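# What the coordinates show
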Amino acid sequence: MQKNNTGRKNIAGRTYKYKLTLQKESTDTETVNIVMPVRNSIGITDVAIQCIKKYTKEPYVLWIVDNDSNQDMLEYLSNLRDVNIIYNQSGIGTWYYPHWLIKHEGSFANAIALELAAQIVKGKYMFVMHNDALPVSADWLTHLKSKLDNNTKIAGVSQDKTRVKAVHTSGFLFDFELYEKLDLSFMHNLPAYDVGDYITTGLLGEGYKKYVCMNTFNNPATINLITYGSYPDFIKNYSFDRSFNDDGELIFMHLGRGTTRTKDEHPKEGYMKRSEWVNGIKKHFLRGQYAKSQCGNVTL
């Protein structure tokens with residue numbers, strides 16, 4: 001089943017044209033809509049998608065939001081199966097917005113992608129993530145879903161250290177039914193609020209609570225939860241974010257590449273190149289003994 005249609009959505013005072021390729025629909029109310037904005041970067045996007053497919057046992061639908069990628073990326077996306085793709089066909093329109101809003105162009109593009117998805121996707125749950133982040137345990141989504149209840153409406157893999165300490169968009173699950181009801185927004189207003197911060201502040205402002213996994217970004221000492229022999233060595237030897245469930249088991253990772261690592265550079269000793277990340281994920285988490293112990297000998 002593949003359906004293609006086009007449409008227009010108003011975001012931040014501007015009309016955005018989009019094309020939607022729909023290959024999979026939600027099956028029930030427990031289905032989680034996983035939303036991942038992308039722009040180019042085939043390698044890191046591909047391993048993220050493969051890890052989602054390999055390590056997600058909960059019912060889910062994966063939505064990729066493409067922000068005006070190059071032809072190679074568009075061809076890659078066109079060959080994906082069982083993935084819904086929203087193509088932003090209007091770019092982000094830097095000419096349209098004032099300098100104070102658009103000067104953080106990367107954040108703005110990410111916000112537009114998530115707002116576009118929020119106006120198209122339907123369902124009870126939404127998990128938003130970066131394309132340089134990925135699950136590495138079959139328990140990851142079950143763990144996050146278990147944290148949502150009548151009081152807690154957002155659960156993430158980490159939170160920002162500054163500003164309003166919002167749950168970070170590298171990976172968070174929230175009650176999407178509250179998005180319109182509470183007039184929530186993914187838009188940024190830097191330097192005070194980054195992309196997705198208003199989701200956290202909006203929910204907390206209504207008296208709801210948040211949950212954040214134990215993770216190395218917020219507490220570097222949690223690296224000691226990882227022991228040699230239990231995981232591939234590079235998991236402990238390089239600098240990137242790792243998140244754990246309540247039993248101290250690794251469930252999610254985020255490269256946190258920034259502009260320099262997007263270009264396959266690493267300015268500090270111990271930081272991973274994009275190519276090192278991609279190759280390491282393929283070797284250890286999509287193949288190899290760890291992958292087999294977690295999910296069996298699965299071929300993607």
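Per-chain numbering applies: the sequence of each chain, read as written, is numbered from 1 onward. At least 70 in pLDDT is required for a residue's local features to be given in this predicted model, at least 80 for side-chain atom pairs to be given and counted, and no such filter applies to totals for whole chains, interfaces and linings, which use all residues. With hydrogens and water set aside, each side-chain value is computed from the structure's full complement of heavy atoms.

To continue, consider the sheet that holds strand β7 (residues 133-135). Adjacent strands of a sheet pair through backbone hydrogen bonds, lying either parallel or antiparallel. Strand order in the open sheet made by the four strands is β7-β13-β12-β11, with antiparallel pairing throughout. The open sheet terminates on both sides in strands that have one partner only, identified here as β7 and β11 (214-215). With two bridges connecting them, β11 and strand β12 (residues 241-244) associate as antiparallel partners. Each bridged residue has a counterpart across the sheet, and for Met 214 the counterpart in β12 is Phe 244. Only strands joined by at least two bridges in the DSSP assignment are considered to pair. Secondary structure elements are taken from DSSP: a helix is a run of H or I of four residues or more, a strand is a run of E of two residues or more, and numbering for both begins at the N terminus.

Before going further, it helps to spend a moment on unusual backbone geometry. A positive phi angle, near 50 degrees, is found at Ala 12, a position not held by glycine. Notably, Lys 165 is not glycine yet its phi reads approximately 55 degrees, a positive angle. Mapped onto the elements of the fold, Lys 165 is located in the loop between β8 (152-156) and β9 (171-175). A relative accessible area of 45% places Lys 165 in the partly exposed class. Between buried and exposed lies partly exposed: a residue is buried under 20% and exposed over 50% of the maximum accessible area for its type, with that area taken using a 1.4 Å probe on protein chains only.

Further remarks concern the sheet that holds strand β1 (residues 3-11). With respect to topology, nine strands assemble into an open sheet ordered β1-β2-β5-β4-β3-β6-β9-β8-β10, the strand pairing being mixed. Edge positions in the sheet fall to β1 and β10 (209-212), since each has one partner strand and no second. Direction aside, neighbouring strands of the sheet carry axes that sit 20 degrees apart on average. Pairing of strand β2 (residues 14-22) with strand β5 (residues 84-88), which is carried by four bridges, proceeds in the antiparallel orientation. The partner of Leu 20 across the bridge, within β5, is Ile 86. Contacts were defined at the residue level, with two residues in contact if any of their heavy atoms lie within 4.5 Å. Between N-to-C directions, angles span 0 to 180 degrees; the directions come from axes that are lines fitted to C-alpha atoms, helices contributing only their stretch in contact. Docked against the sheet, helix α1 (residues 42-55) engages β3 (32-38), β4 (60-67) and β6 (125-129), running at close to 170 degrees with respect to β3.

Let us look at the packing of α1 against helix α2 (residues 71-78). Think of two packed helices as two axes; the pair is described by the angle between the axes and how far apart they sit. Remark: α1 packs on α2, axes separated minimally by 11 Å, with the N-to-C direction vectors making an angle of 20 degrees. One way to sum up the angle between α1 and α2 is to call them roughly parallel. Here α1 and α2 pass one another in a crossing that is right-handed. Packed against α1, whose contacting residues are Ile 42, Thr 45, Asp 46 and Ile 49, the element α2 presents Asp 72, Met 73 and Tyr 76 at the interface. Along the lines of polarity and charge, the residues of the contact of α1 with α2 split into four nonpolar, one polar and two charged. Angle categories are assigned with fixed cut-offs, so that under 35 degrees is roughly parallel, over 145 is roughly antiparallel, 65 to 115 is roughly perpendicular, and the rest are oblique. Crossings are sorted by hand: turned counterclockwise from the far helix by less than a right angle, the near helix makes the crossing left-handed, and turned clockwise it makes it right-handed. Only Asp, Glu, Lys and Arg are considered charged in this grouping, and only Ala, Val, Leu, Ile, Met, Phe, Trp, Tyr, Cys and Pro are considered nonpolar; every other residue, Gly among them, is considered polar.

On to the pairing of β3. Of all seven residues in β3, seven are buried, a share of seventy percent or more. Where burial is concerned, the two faces of β3 agree: the one with Val 32, Ile 34, Met 36 and Val 38 and the one with Asn 33, Val 35 and Pro 37 are both buried. Where β3 meets β4, seven bridges bridge the pair, whose relative direction is parallel. Along β4, the bridge assignment pairs Val 35 with Trp 63. With the strands aimed away from the viewer, a crossover counts as right-handed if its path from the first strand over the helix to the second runs clockwise. You can see the chain leave β3, run along α1 and come back into β4, and the turn it takes is right-handed. Bridge count between β3 and β6: four bridges; the pairing is parallel. Of the residues in β6, the one forming a bridge with Val 32 is Tyr 125.

Counting 55 residues, the largest nonpolar core has Met 253, Trp 277 and Ile 281 as its most contacted members. Other than its neighbours up to four places away in sequence, Met 253 contacts Asp 132, Ala 133, Leu 134, Val 136, Ile 235, Phe 240, Asp 241, Trp 277, Ile 281 and Phe 285. The next biggest cluster of nonpolar side chains, apart from the first, holds 35 residues, and it includes Ile 11, Leu 22, Ile 120 and Tyr 179. Each nonpolar core is a collection of buried residues, namely Ala, Val, Leu, Ile, Met, Phe, Trp, Tyr and Cys, held together in the definition by side-chain atoms within 4.5 Å.

Pairs were defined over the aromatic rings of Phe, Tyr and Trp, the Trp ring being its six-membered one, requiring ring centres within 6.5 Å. Orientation was assigned from the angle between planes: stacked under 30 degrees, edge-to-face over 60, tilted for the rest. As enumerated under the stated definition, the model contains nine aromatic pairs in all. Ring centres of Phe 174 and Phe 186 lie 6.1 Å apart, and the angle between their planes is 75 degrees; this geometry places the pair in the edge-to-face category. Highlighted residues: Phe 174 in strand β9 and Phe 186 in the loop between α6 (178-181) and α7 (197-205), separated in sequence by twelve residues. Ring plane angle 80 degrees and centroid distance 5.3 Å describe the contact between Phe 240 and Trp 277, whose orientation is recorded as edge-to-face. You can see Phe 240 sitting in the loop between α8 (234-237) and β12 and its partner Trp 277 sitting in helix α10 (residues 274-286), a full 37 residues away along the chain. Side by side, Phe 240 and Trp 277 carry an identical accessibility label, which is buried. Members of the aromatic cluster, connected to one another through ring pairs, are Phe 172, Phe 174, Phe 176, Tyr 179 and Phe 186. Directly above the aromatic system of Tyr 16 lies the positively charged group of Arg 14, at a separation of 4.7 Å from the ring centroid. Charge over a ring is defined by NZ of Lys or CZ of Arg lying within 6 Å of the ring centre and within 35 degrees of the ring normal.

Bear in mind that shape data such as this cannot, by itself, settle questions of function.
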